[in-house]
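These are the residues of each chain, in order.
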Amino acid sequence: MTEQGRAADELLDIVDERDRVVGQRLRGDVYAERLRHRSTAIRVRDAHGRLFVHRRTPTKLIFPGMYDVVVGGVVGAGEDYDTAALREAEEELGVSGLPMPERRTKFLFETPEYSWFLTVYEVVCTLPVRPQAEEVEWWDFLAEEELERRLEGWERDGLVVPDGLECHRRLSAP
């Protein structure tokens, strides 16, 4: 089964405008029907303060082949945000024993296609990373100045994941 097929079969909680669970649906249906659900985003720094940046594989269910400045993903049915954040960060970075990411903010991300509550975290990863080949096509740790330079082009060309970019802006705001 493809990564897209596995992801589409994942069961998610559907939530109301106050982030209360009102039902459950398969992930593929959630995206197809623009149902509000829960997701996590984790900004990862290395021991030198550089930020983890990656390009998603072309097989990803949403935002395939785009650059992202956070790791993370959907909160599974019955799962809480904190558990999902640690699970997603460890999965995408290919590590175990990561410290618990620190919760920073939460907001509703909405576009004409998508709607989800996004809880945003930060963590420092001093472990050697081995990102999942099924999820990450390219990765690096970049200094903030270098990231900002690259983001200009990625954003102009429509190559950056929009919710990840919004997380980055909110975390970088004075």
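Anything mentioned here points back to the structure above.
None of the values given here were measured: they were computed from a predicted structure. (Residues numbered from 1 in each chain as written. Predicted model: local features only at pLDDT ≥ 70, side-chain atom pairs only at ≥ 80, totals over all residues. Heavy atoms only, no water.)

Caption draft 1: View of the environment of glutamine 24. Relative to the elements of secondary structure, glutamine 24 occurs in strand E2 (residues 21-26). At a separation of 3.0 Å, a polar atom in the side chain of glutamine 24 contacts the side chain of aspartate 13. (Helix = DSSP H or I, 4+ residues; strand = E, 2+ residues; numbered from the N terminus. Polar contact = N/O pair within 3.5 Å; in protein donor to acceptor, adjacent residues only side chain to side chain.)

Caption draft 2: Representation of the pattern of salt bridges within the structure. This structure, assessed with the given rule, holds 23 salt bridges. In this structure, glutamate 102 engages arginine 104 in a salt bridge whose closest nitrogen and oxygen atoms are separated by 3.1 Å. On the accessibility criterion, glutamate 102 (46% relative accessible area) is partly exposed. When salt bridges that share partners are traced, they join Arg43, Glu102, Arg104 and Glu122 into one network. (Salt bridge = Lys/Arg side-chain N within 4 Å of Asp/Glu carboxyl O. Buried < 20%, exposed > 50% of the residue type's maximum accessible area, 1.4 Å probe, protein only.)

Caption draft 3: Region of interest: the packing of aromatic side chains. A full pass over the atoms with the stated rule returns ten aromatic pairs. On the numbers, 6.3 Å between centres and 65° between planes, the contact of tyrosine 31 with tryptophan 116 is edge-to-face. Of this pair, tyrosine 31 sits in helix H2 (residues 27-32) while tryptophan 116 sits in strand E8 (residues 115-124), and the two are 85 residues apart along the sequence. The buried category is assigned to tyrosine 31, whose relative accessible area is 11%. When the centroid spacing of 3.9 Å and the interplanar angle of 5° are considered together, the rings of tyrosine 67 and tryptophan 154 count as stacked. Residue tyrosine 67 is located in strand E5 (residues 67-68), and its partner tryptophan 154 is located in helix H4 (residues 144-156); the two are separated by 87 residues in the primary sequence. Accessibility assignment for this pair places tyrosine 67 and tryptophan 154 in one class, buried. Aromatic ring contacts, followed pair by pair, group Tyr31, Phe63, Phe109, Tyr114 and Trp116 into a single cluster. (Phe/Tyr/Trp six-rings, centres within 6.5 Å; stacked < 30°, edge-to-face > 60°.)

Caption draft 4: Expanded view of the packing of H4 against helix H5 (residues 162-172). Two numbers describe how H4 lies on H5: the axes approach to 13 Å, and their chain directions differ by 140°. With respect to the hand of their crossing, H4 and H5 are arranged in left-handed fashion. Residues Leu147, Glu148, Leu151 and Glu155 of H4 form the contact with H5, whose participating residues are Leu165, His168 and Arg169. Across the contact of H4 with H5, the residue classes break down as three nonpolar, one polar and three charged. (Axes fitted to C-alpha atoms, helices over the stretch in contact; angles between N-to-C directions. Left-handed = near helix turned anticlockwise from the far one by under 90°. Contact = heavy atoms within 4.5 Å. Nonpolar A, V, L, I, M, F, W, Y, C, P; charged D, E, K, R; others polar.)

Caption draft 5: The arrangement of the side chain of histidine 37 in detail. Relative to the helices and strands, histidine 37 resides in strand E3 (residues 37-45). A polar atom in the side chain of histidine 37 sits 3.0 Å from the backbone oxygen of leucine 35. Once residues within four sequence positions are removed from consideration, histidine 37 is found in contact with Leu12, Asp13, Val15, Val30, Tyr31, Val74, Ser115, Trp116 and Phe117.

Caption draft 6: Highlighting the pairing of E3. Counting buried positions over the nine residues of E3 gives nine, a clear majority of the element. Across the two faces of E3 the burial is the same, with His37, Ser39, Ala41, Arg43 and Arg45 and Arg38, Thr40, Ile42 and Val44 all buried. As paired elements, E3 and E8 share nine bridges and run parallel to each other. Within E8, the position partnered with histidine 37 by the bridge is tryptophan 116. (Pairing = 2+ DSSP bridges.)

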